[in-house]
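These are the residues of each chain, in order.
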Amino acid sequence: QKEVEQDPGPLSVPEGAIVSLNCTYSNSAFQYFMWYRQYSRKGPELLMYTYSSGNKEDGRFTAQVDKSSKYISLFIRDSQPSDSATYLCAILTQGGSEKLVFGKGTKLTVNP
Amino acid sequence: NAGVMQNPRHLVRRRGQEARLRCSPMKGHSHVYWYRQLPEEGLKFMVYLQKENIIDESGMPKERFSAEFPKEGPSILRIQQVVRGDSAAYFCASSPNSPFTEAFFGQGTRLTVV
């Protein structure tokens, strides 16, 4: 089983829609969960991260972790065409050296 | 404070040549990570370095690939005798300390092997 799996998409929504992006992970010991945004031909950009469980909100973005089901989500409210990008979830492995393990990414297109 | 700088942005090599990818971390960052992104694939961890030390190279192919982060100068990812399968985007990230939560990625080097 892969350490983190992500809904493959692609996802196409109209402007103003609420977007839900999801990942599952395998190891209940993971504590840090990240969401990155990657525009075409650019490097990944950290959007937000959560520690342990619960929600974290930043403007139109909300990250949610459900440790009981090993499920992480990113919600985008009032989506804009500028949100069109690939969204990558990642978990931070610890115990030994730390490194990020990424999902394959979901390509999102927000249509004006 | 400039971001993580990677150069070159694009690199074309013929099969059998060597590729050298450079990464200058953000000022004050002493941790460097290299990732590879193949088409239609996610980012795959390759190696984690601190100044003059390789901390974790569990993601590096056993042959032809090496990395260093010297006391002075950028981190270098070296690929010897490149093959077509090495064509990918290579990203470097740096962070000031653990955990990785404050890491920033560079814009990547796109390697094409012809």
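Presented here is a report on the structure given in the accompanying data block. In this numbering scheme, every chain counts its residues from 1 along its sequence in written order. Following the order in which they are written, the chains are lettered starting with A and the ligands numbered starting with 1. Local features are withheld for residues below a pLDDT of 70 in this predicted model, meaning they are given only at 70 or higher, and side-chain atom pairs are given and counted only at 80 or more; totals for whole chains, interfaces and linings count all residues. To get the side-chain values, all heavy atoms of the structure are used, and hydrogens and water are removed first.

**Here we look at the sheet that holds strand 3 (residues 19-25) of chain A**
Residues and elements named next belong to chain A.
- For two strands to be treated as a pair, DSSP must find at least two bridges joining them. Runs of E in the DSSP output that reach at least two residues are strands. Runs of H or I that reach at least four are helices, and both are numbered from the N terminus. As summarised here, the arrangement of the five strands in space is 1-3-8-7-6, forming an open sheet in which the pairing is antiparallel. Two strands in the sheet have a free side with no partner beyond their single neighbour: strand 1 (4-6) and strand 6 (54-58). Strand-to-strand twist across the sheet, computed as the mean angle between neighbouring axes with direction ignored, equals 15°.
- Judged from the five bridges that link them, strand 6 and strand 7 (residues 61-66) form a sheet pairing that is antiparallel. Note on strand 7: the bridge partner recorded for Asn 55 is Gln 64. Under this scheme, a helix contributes an axis fitted over its contacting stretch, all axes are lines through C-alpha atoms, and angles between N-to-C directions fall in the 0 to 180 degree range.

**Focus on the interface of chain A and chain B**
- Note on contacts: a residue pair is in contact if any heavy atoms of the two residues lie within 4.5 Å. With 19 residues of chain A in contact, the opposing surface of chain B contributes 24 residues.
- Buried area is understood as the total, over both parts, of accessible area removed when two parts are fitted together, assessed with a 1.4 Å probe. Between chain A and chain B, roughly 1,800 Å² of surface is buried when both sides are summed, and carbon and sulfur atoms account for 55% of that area.
- The rule for a salt bridge is simple: a side-chain nitrogen of Lys or Arg has to be within 4 Å of a carboxyl oxygen of Asp or Glu. Between the two partners, chain A and chain B, sit one salt bridge.
- Close ionic contact of Asp 56 of chain B with Lys 99 of chain A constitutes a salt bridge, the shortest N to O distance being 2.9 Å.
- Pairs of N or O atoms within 3.5 Å make up the polar contacts considered here, provided that, within protein, one atom can donate a hydrogen while the other can accept it, and that residues adjacent in sequence are counted only when both atoms are side-chain atoms. Scanning the region where chain A abuts chain B turns up five residue pairs in polar contact (both at pLDDT 80 or more).

**Some details on unusual backbone geometry**
- Following Asn 7 of chain B, the chain continues to Pro 8 of chain B via a peptide bond in cis, the omega torsion being -5°.
- The topology assignment puts Pro 8 of chain B in the loop between strand 1 (5-7) and strand 2 (10-13).
- A positive phi angle, close to 45°, is found at Asp 78 of chain A, a residue other than glycine.
- Within the secondary structure, Asp 78 of chain A sits in the loop between strand 8 (71-76) and strand 9 (85-93).

**A word on the pattern of salt bridges**
- Counted by the stated rule, this structure contains six salt bridges over all chains.
- Here Glu 45 of chain A and Arg 37 of chain A are joined by a salt bridge, their closest N and O atoms 3.2 Å apart.
- Residue classification places Arg 37 of chain A among the buried positions, given a relative accessible area of 12%.
- For Arg 64 of chain B, the salt bridge goes to Asp 86 of chain B, with nearest N and O atoms at 2.7 Å. Only protein chains enter the calculation, and the probe is 1.4 Å; a residue is then buried if its accessible area is under 20% of its type maximum, exposed if over 50%, and partly exposed in between.

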